[in-house]
Each structure stands twice: as structure tokens, then as C-alpha cells.
Amino acid sequence: GVAVDSEAGKVYWTTQCCSVRRANLDGSEMEHLTNTTNGGGIALDTEAGKMYWTSWMNGTLWRADLNGTNAEVFLSHDDIKFPMDLALDTIR
């Protein structure tokens, strides 16, 4: 997945094996933020300073600070099968 923080000039993405990364919009200054397995969709809540992504083989949703710290499982449930993408409602 791919998500853009246009205010900060950053693009974030997941890789299938095995990380969440970000770079400037021009592709420079690529950073490895955190490890993950089977990364899928990614979404940003820039006001809260959080990013969320799916680990589709594990059926889990993760979250971390935008710099990759404090990564944790946000939601894991037997009813979630292969979550490929996600969207955030940051208004509510």
C-alpha cells in the first residue's frame, strides 16, 4: 500500500517482506521505519501522528507513530481474514 502526507512532503509504503518505509515525495531520503510481515494497505492520521497498516497473512491491523516508533497490533481477530487494505475516518 501507499499513503501520502502532502503537508510533510512524505510518501509512506509497505512492502510484502518485510517493512514500512517512507521517503520525500521526490523519492529522496528513503527511511526504513519498522518491520512488518506481509504488509498491505496503509493509511495515515497525520493530526494524531499515527500510521496504520495491514498484515494480511496474519489478519492483523497495526499502528505506529509516523516515525515508526511504538508499533503495536491495533486489531487482531479471528473474523478478519486477509485484510488487504484499510481506510481511516479521521473526522469522527
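See the structure printed just above.
Residue numbers here run from 1 along each chain, matching the order of that chain's written sequence. Per-residue local features of the predicted model are confined to residues with pLDDT of at least 70, and side-chain atom pairs are confined, for both listing and counting, to 80 or more; whole-chain, interface and lining totals are unaffected and use all residues. Side-chain numbers here rest on the full set of heavy atoms in the structure, without hydrogens or water.

Draft legend 1. View of the state of the cysteines. Only a pair of cysteine sulfur atoms within 2.5 Å counts as a disulfide in this structure description. Applying the stated criterion across every chain yields a total of one disulfide. With a sulfur-sulfur separation of 2.1 Å, Cys 17 is cross-linked through a disulfide to Cys 18. The sign of the -65° torsion about the S-S bond sets the Cys 17-Cys 18 disulfide as left-handed. Accessibility here uses a 1.4 Å probe with only protein chains present; expressed as a share of the type maximum, an area under 20% marks a residue as buried, one over 50% as exposed, and anything in between as partly exposed. Residue Cys 18 is classed as partly exposed on the basis of its relative accessible area, which comes to 29%.

Draft legend 2. Spatial organisation of the pattern of salt bridges. Salt bridge criterion: a side-chain nitrogen from Lys or Arg within 4 Å of a carboxyl oxygen from Asp or Glu. Inspection of every chain in the model, using the stated rule, returns four salt bridges. Close ionic contact of Arg 22 with Glu 31 constitutes a salt bridge, the shortest N to O distance being 2.8 Å. Residue classification places Arg 22 among the buried positions, given a relative accessible area of 14%. Notably, a salt bridge pairs Arg 63 with Glu 72, separated by 2.6 Å at the nearest N-O pair. Taking relative accessible area as the criterion, Arg 63 reaches 24% and is therefore assigned partly exposed. Since its relative accessible area comes to 33%, Glu 72 is described here as partly exposed.

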